[in-house]
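# Summary of the model geometry
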Amino acid sequence: MTNKTVHIENTSLNGTITVPGDKSISHRSIMFGSIAKGTTTVTGFLEGEDCLRTIEAFKQMGVKIERNGSNVKIESQGMDAWEEPQDILYMGNSGTTTRLLLGLLAGSNVHAVLSGDESIAKRPMKRVINPLREMNAQITGRQDGQFAPLAVKGSPLQAITYDMPVASAQVKSAILLAGLNAEGTTIVREQETTRDHTELMLKQFGVEIATKDKVISLAGGQKLTASHVEVPGDISSAAFFLVAGAIAENSEIVLENVGLNETRTGIIDVLQAMQADLTIEPYENEHAEKAGRVTIRTSQLQATTIDGEIIPRLIDEIPIIALLATQARGTTIIKDAEELKVKETNRIDAVVAELAKLGADIQATDDGMIINGPTRLSGASLKTYGDHRIGMMDAIASLVTTGPIELDDAACIAVSYPNFFEDLQGLIK
Ligand code: S3P
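Per chain, residues are indexed from 1 in the order of the written sequence. In view of the model being predicted, local features appear only for residues whose pLDDT reaches at least 70, and side-chain atom pairs are presented and counted only at 80 or more, with totals across whole chains, interfaces and linings using the full set of residues. Note that water and hydrogens are dropped before the side-chain values are worked out from all heavy atoms of the structure.

## A look at the packing of helix H10 (residues 318-326) against helix H11 (residues 347-357)
For any two helices packed against each other, one specifies the inter-axial angle together with the distance between the axes. The axes are straight lines fitted to the C-alpha atoms, using for helices just the contacting stretch, and the angles between their N-to-C directions are given from 0 to 180°. Counting from the N terminus, the helices are the DSSP runs of H or I reaching at least four residues and the strands are the DSSP runs of E reaching at least two. At their nearest, the axes of H10 and H11 sit 10 Å apart, and the two run at 35 degrees to each other. The chirality of how H10 crosses H11 is right-handed. Across the interface between the two elements, Pro319, Ala322, Leu323 and Thr326 of H10 pack against Arg347, Val351 and Leu355 of H11. Residues belonging to the contact of H10 with H11 are distributed by class as follows: five nonpolar, one polar and one charged. Crossing handedness is defined as follows: a turn of the near helix away from the far one that is anticlockwise and smaller than a right angle gives a left-handed crossing, while the clockwise case is right-handed. Contact criterion: two residues are considered in contact whenever any of their non-hydrogen atoms come within 4.5 Å of each other. Think of it as three bins: nonpolar holds Ala, Val, Leu, Ile, Met, Phe, Trp, Tyr, Cys and Pro, charged holds Asp, Glu, Lys and Arg, and polar takes everything else, Gly as well.

## Here's the deal with the state of the cysteines
Whenever a pair of cysteine sulfur atoms sits within 2.5 Å, that pair is classed as a disulfide. A full pass over the atoms with the stated rule returns zero disulfides. Counting only cysteine sulfurs, Cys412 is the nearest neighbor of Cys51, a cysteine outside any disulfide, at a range of 16 Å.

## Brief notes about the site of the ligand
Near the ligand, the surroundings consist of Lys23, Ser24, Arg28, Thr96, Arg99, Ala167, Ser168, Ala169, Gln170, Arg195, Asp316 and Lys343. In protein, a polar contact requires one atom able to donate a hydrogen and another able to accept it; more generally it is a pair of N or O atoms within 3.5 Å, and residues adjacent in sequence count only if both atoms are side-chain atoms. Ser24 is positioned with one of its side-chain polar atoms (N or O) 2.7 Å from an oxygen atom of the ligand. Interatomic distance of 2.7 Å between a side-chain N/O atom of Arg28 and an oxygen atom of the ligand. Note on areas: Shrake-Rupley with a 1.4 Å probe; residue coverage comes only from the protein chains shown. When the ligand sits alone it has 390 Å² of accessible area, and the protein chains cover 94% of it. Each residue is tested against the molecule or strand, and it is near if at least one of its non-hydrogen atoms lies within 4 Å.

## Here's the deal with the packing of aromatic side chains
Pairing of aromatic side chains here covers Phe, Tyr and the six-membered ring of Trp, requires ring centres within 6.5 Å, and sorts the geometry by plane angle: under 30 degrees stacked, over 60 edge-to-face, intermediate tilted. For the structure on display, the rule yields seven aromatic pairs. Ring geometry for Phe58 against Trp82: centres 5.3 Å apart, planes inclined by 70 degrees, an arrangement best described as edge-to-face. On the criterion of sequence distance, the pair formed by Phe58 in helix H2 (residues 49-60) and Trp82 in the loop between strand E5 (71-77) and strand E6 (89-90) is long-range, its members being 24 residues apart. Each of the two residues, Phe58 as well as Trp82, counts as buried. Where Phe240 meets Phe420, the ring centres are 6.5 Å apart and the plane angle is 80 degrees; that geometry is what we call edge-to-face. Exposure is judged per residue with a 1.4 Å probe applied to protein chains only, and the accessible area is read against the type maximum: over 50% gives exposed, under 20% gives buried, and values in between give partly exposed.

## Some words on the nonpolar core
Nonpolar side chains tend toward joint burial in soluble globular proteins. In this structure, Leu323, Met369, Ile396 and Phe420 are the most contacted members of the largest nonpolar core, which totals 76 residues. We call a set of buried Ala, Val, Leu, Ile, Met, Phe, Trp, Tyr and Cys residues a nonpolar core when their side-chain atoms join them within 4.5 Å. Counting 65 residues, the second largest nonpolar core, distinct from the first, contains Phe58, Trp82, Leu89 and Leu150.

## A word on the pattern of salt bridges
Within this document, salt bridges are pairs made up of a side-chain nitrogen of Lys or Arg and a carboxyl oxygen of Asp or Glu, the two lying within 4 Å of each other. Overall, the coordinates contain 29 salt bridges when judged by the stated rule. Among the salt bridges present, the one from Arg127 reaches Glu339, with a minimum N-O distance of 2.9 Å. Taken together, the residues Arg127 in helix H4 (residues 126-134) and Glu339 in the loop between strand E21 (330-334) and H11 connect sequence positions 212 residues apart. The exposure class assigned to Arg127 is buried, which follows from its relative accessible area of 18%. A salt bridge links Arg133 to Asp144, with the nearest nitrogen and oxygen atoms 3.4 Å apart.

## A few points about the sheet that holds strand E19 (residues 291-297)
DSSP-based pairing: two strands are paired if at least 2 bridges between them are found. What the four strands build is an open sheet, ordered E2-E17-E19-E18; its pairing is mixed. The strands lining the two open edges of the sheet, one partner per strand, are strand E2 (14-18) and strand E18 (277-282). Averaged over all neighbouring strand pairs, the angle between strand axes comes to 15 degrees, with direction disregarded. Against the sheet, helix H8 (residues 235-247) engages E2, strand E17 (252-259) and E19, with an angle of about 165 degrees to E17. The strands touched by helix H9 (residues 266-273) are E18 and E19; relative to E18, the strand with the most contacts, the crossing angle is about 140 degrees.

## Focus: the environment of Val400
Relative to the helices and strands, Val400 resides in the loop between helix H12 (388-397) and strand E25 (401-407). Counting along the chain gives 117 residues from Val400 to Tyr283, while the straight-line C-alpha distance between them is 33 Å. Ignoring anything within four residues of it in the chain, the contact list for Val400 reads Ile247, Leu323, Gln327, Arg376 and Leu377.

## As for H10
Most of H10 is tucked away, with nine of its nine residues classed as buried. Taken as a whole, H10 has its buried residues at Ile318, Pro319, Ile320, Ile321, Ala322, Leu323, Leu324, Ala325 and Thr326.

## Some details on the sheet that holds E21
The four strands lie next to each other as E20-E21-E23-E22, forming an open sheet whose pairing is mixed. Of all strands in the sheet, those with a lone pairing partner are strand E20 (305-306) and strand E22 (361-365), marking the two edges. Judged from the five bridges that link them, E22 and strand E23 (residues 368-373) form a sheet pairing that is antiparallel. Bridge pairing in E23 links Ala364 to Met369. In the packing of H10 onto the sheet, contacts are made with E20, E21 and E23, and the angle to E23 comes to roughly 25 degrees.

Laid out in structure tokens, this is it:
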């Protein structure tokens, strides 16, 4: 546990930052580079703890991976050459590593056991294991596979057509990755579009994958060709500074190389709906993933309603959006977001409990929250629940509290943003 006190009330934030690499894309770059025979190179890789777990897992299976800061080189003999790990694969806090690996390992030649921290042990795994079992995957775990530790024994798989009961890119990706090794064509039908990094990167690695009207299909038996991945900055990390710049006084923050994949830009739509003063300048490039410069300035904010199809496009940003809403005029309603209950922690309960300690007018609902603003907040001792995004929200709140914020455990922030406090400090002149 690392205590941290933040006291930045009445501070203006000015300057330019480049947020760290996208977490979702970084995970996938290691996975796909490990499947493909040959040498894959990655730039802009996120050196966060979650993504380092993914590297370690593949190293344990004999894939040669060298990392120099955010540059990574993966030399793989292909998936068929993966070795059986001699020890458990430790997932730490990473749901993405756990769920995507289950899909990949299901059709591999290896037997492996996946375990993680306290949070991973509570996260629902049946959502991936049910469709994988329909494909003939051999997976066991606590409560019939609902919870880690999980053991997976690679076996021949059959393709399925799967109607997604939840909006989850992790579930979609696990099925598609299993589908690569299945006999027949795997089809996933989504009710709502979720982040499509798996589909984009599979194409980049030479896989034929079709997407039409929320239906994704891929034929089994396709081989991946090693590639070069440029990871853009993580819009989910940028979100903390977009909100910071909007709520701090006399501020202007320029964020470079922010990933602008439309399946992830719900936070920008919300800032615009709340009348935030922001400018977006997309870069002209040919990369699989779009990126650009985003500038945010101190804003007069109006409340809004956030629901329906936008939710998967901003699911990880809801904690920081809740803080934003405490500074907006009117009632902000967030609904259709029950998935927040099964993130690193129950993020509805955590956000409402912590913002209420600061004096926010906030109320939990079954599938979201209702926030009235604007409210001047007061300092307090806050919990992070070991959840990086709650930790960063707690810290950014200090911009609008009278008195300091004390975080019980700031170490968890390194899961996705190891230099968060340095970047914040760098904007204070
Ligand atoms: C992720 C998908 C999302 C997101 C998580 C990363 C991914 O989870 O919350 O941080 O990389 O596919 P769900 O698939 O559970 O919605």
